[in-house]
Amino acid sequence: MRYIIIGAGAIGGTVGGRLAQAGHEVVLVARGAHRAALTEGGLRLRVPQGESTHRLPVVDGPDALGPLRTDDVLFLAVKTQDTEAALRVWGPAPVEGGGTAAERLPVVCAQNGVESPRLALRRFRHVYGVCVWLPATHVEPGVVSAAGTPLSGILHLGRYPHGTDDTARGVAADLEKAHFEAPVVADVSRWQYAKLLSNLGNALEAVSGPVGDPEAEALYASVRAEGEAVLRAAGIAWVSAEEQQALRGDKVTLVPLDGVPRAGGSSWQSLRRGAGTIEADHLNGEIVLLGRLHGVPTPLNELLQGLANQFARERRAPGSLPLPELTRLADQRSAGAVAFVQES
Ligand SMILES: NC(=O)C1=CN([C@@H]2O[C@H](COP(=O)(O)OP(=O)(O)OC[C@H]3O[C@@H](n4cnc5c(N)ncnc54)[C@H](OP(=O)(O)O)[C@@H]3O)[C@@H](O)[C@H]2O)C=CC1
Ligand SMILES: CC(C)(CO)C(=O)C(=O)O
């Protein structure tokens, strides 16, 4: 199979580099300064075992490749806010022998949140979801890094909305050869909802810095509790911590990389790069949406969604809202939400 990595940033760059290292054909899709750096100097991948450079074909869209091959896999690793635009471009791409990518090729959505595979299913017939446990960093244009040894991360993968098939097993086998733990699961949505609950802390970390001290942990616990209440009201199941642990085992140990700053997760990194957009509408915003649909107040997730978007719009530095200030705002919002529920 040839892997076309749409969005060769932290996740796409790590997966693409690892797949190339394992001998697979890989095409990187990138844009802007990152694309220029990848084209000029290759993809530089830093992992605990060292740095490697991969000179791979780099394109900005399907036109540069000509008709796609029947053994192509579209591996989507853009932030969720960029999913729709990417699918719109890649869906109609012609495939050798006739038909389009949307009709004939698998699209594997290796992203946080739960929205991308749904968006993909509107256009593509063969959609796969991945629950991505892979702490990676887009260090600078052309350079990505991933902690974790001996494996780089855990990628639960399955056909979306449910089931498994030969493609899922084939992609997982290739990922396993490329230093990932890649269990094939028949209920990938349940895994993705579990990850969504973890990622409700992304915005907190982005605006107020690493979740680690007791005050931040307490706030995250309240944000997550809101998320769990919403999922329960919506009748949505997620895998328990025990199930996750049973499948994960102790296979991935995070090893800090000397000289590679990974002060924060993917949303923190968006702010650090001054990206102008952030994924919060699709993480905390998913809980807010479900809360509104099912009549459950979500003041804390609303607050974080709003703050994260404001930080991105104003290109504010990550972590620059002091935690006591965020906690004060959260207390105010929670009090307001209780009053609203009592009045209605
Ligand atoms: N980083 C991490 O540790 C983890 C991330 N995730 C999830 O993985 C997904 C990807 O995140 P991450 O790798 O961090 O994101 P990055 O921003 O590092 O990488 C995404 C890349 O895709 C590029 N891009 C967006 N749209 C297009 C397009 N149409 N054509 C070409 N390139 C495009 C972006 O360019 P530009 O910079 O110009 O926008 C960026 O370089 C997200 O859903 C995230 O939540 C999950 C687990 C861990
Ligand atoms: C859990 C974490 C922080 C790394 O896997 C992540 O999902 C992210 O950075 O978005």
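Note that this is a predicted model, so its numbers are computed, not measured.

Criteria and cut-off values
- Residues numbered from 1 in each chain as written.
- Chains lettered and ligands numbered in written order.
- Predicted model: local features only at pLDDT ≥ 70, side-chain atom pairs only at ≥ 80, totals over all residues.
- Heavy atoms only, no water.
- Helix = DSSP H or I, 4+ residues; strand = E, 2+ residues; numbered from the N terminus.
- Rg over C-alpha atoms; globule rule 2.2 N^0.38 Å.
- Contact = heavy atoms within 4.5 Å.
- Areas by Shrake-Rupley, 256 points an atom, 1.4 Å probe, with all protein chains shown as cover.
- Lys, Arg positive; Asp, Glu negative; His and termini not counted.
- Charge placed at Lys NZ, Arg CZ, Asp CG, Glu CD.
- Pairing = 2+ DSSP bridges.
- Axes fitted to C-alpha atoms, helices over the stretch in contact; angles between N-to-C directions.
- Near = heavy atom within 4 Å.
- Polar contact = N/O pair within 3.5 Å; in protein donor to acceptor, adjacent residues only side chain to side chain.
- Nonpolar A, V, L, I, M, F, W, Y, C, P; charged D, E, K, R; others polar.
- Domains from an automatic or database assignment.
- Disulfide = S-S within 2.5 Å.
- Phe/Tyr/Trp six-rings, centres within 6.5 Å; stacked < 30°, edge-to-face > 60°.
- Lys NZ or Arg CZ within 6 Å of the ring centre and 35° of its normal.
- Parallel < 35°, antiparallel > 145°, perpendicular 65-115°, else oblique.
- Left-handed = near helix turned anticlockwise from the far one by under 90°.

## Section: the overall build of the chain
Summing up its helical and strand segments, the chain has 14 helices and 14 strands in all. For 344 residues, the compact-globule estimate of 2.2 N^0.38 gives 20 Å, and the chain sits close to it at 20 Å. Taking the principal axes of the C-alpha coordinates as reference, the chain spans close to 65 × 40 × 40 Å. Summarising the internal contacts of the chain: among those between residues at least 6 apart in sequence, 72% fall at separations of at least 24. Entry remark: accessible area of the chain is about 14200 Å², with carbon and sulfur atoms responsible for 53%. Placing the 33 positive and 37 negative side-chain charges of the chain at their respective mean positions leaves the two points 4 Å apart.

## A word on the sheet that holds strand β3 (residues 43-47)
Two strands in a sheet stick together by hydrogen bonds in their backbones, pointing the same way (parallel) or opposite ways (antiparallel). Taken together, four strands build an open sheet; the order of strands is β4-β3-β10-β9 and the sheet is mixed. A strand with exactly one partner marks an edge of an open sheet, and here the two such strands are β4 (50-54) and β9 (136-140). The sheet shows a mean angle of 25 degrees between the axes of neighbouring strands, direction not considered. Inspection of the sheet shows β3 paired to β4 by five bridges, in the antiparallel sense. Bridge assignment links Leu-43 to a residue of β4, and that residue is His-54. Packing against the sheet, helix α1 (residues 10-21) makes contact with β3, β4, β9 and β10 (143-146), and its axis sits at approximately 90 degrees to β3.

## Some remarks on the site of ligand 2
Among the ten residues in the neighbourhood of ligand 2, the closest are listed as Asn-112, Lys-195, Asn-199, Asn-202 and Ser-266. Asn-202 places a polar side-chain atom, nitrogen or oxygen, 3.1 Å from an oxygen atom of ligand 2. The contact in question runs from an oxygen atom of ligand 2 to an N or O atom on the side chain of Ser-266, over 2.5 Å. The protein chains hide 81% of the 290 Å² of surface that ligand 2 would expose on its own. A per-class count over the shell around ligand 2 returns three nonpolar, five polar and two charged. Shared between two domains, the shell around ligand 2 holds at least three residues of each, these being domain 1 (2-188) and domain 2 (200-343).

## Observations concerning the state of the cysteines
This structure, assessed with the given rule, holds zero disulfides. Lacking any disulfide linkage, Cys-109 is separated from the closest cysteine sulfur, that of Cys-131, by 13 Å.

## A look at the packing of aromatic side chains
Across all of its chains, the model carries zero aromatic pairs by this definition. Between Lys-195 and the ring centre of Trp-133, over which it is positioned, the NZ or CZ distance is 4.7 Å.

## Structural notes on the packing of helix α3 (residues 83-90) against helix α5 (residues 116-123)
Running from N to C, α3 and α5 cross one another at 25 degrees; their axes reach a closest spacing of 10 Å. Taken together, the axis directions place α3 and α5 in an arrangement best described as roughly parallel. In this structure, the crossing between α3 and α5 has a hand that is right-handed. The residues of α5 that touch α3, namely those facing Thr-83, Glu-84, Leu-87 and Arg-88, are Ser-116, Leu-119, Ala-120 and Arg-123. Among the residues making up the contact of α3 with α5, the classes are represented as three nonpolar, two polar and three charged.

## Here we look at unusual backbone geometry
In terms of backbone geometry, most residues other than glycine have negative phi values and most peptide bonds are trans. Between Tyr-160 and Pro-161 the backbone carries a cis peptide bond, its omega angle lying at 10 degrees. With respect to the helices, strands and loops of the structure, Pro-161 is situated in the loop between β12 (153-159) and α6 (166-177). Positive phi, close to 75 degrees, is recorded for His-179, a residue that is not glycine. If you trace the backbone, His-179 turns up in the loop between α6 and β13 (180-181). For Arg-315, which is not glycine, the phi torsion reads 50 degrees and is therefore positive.

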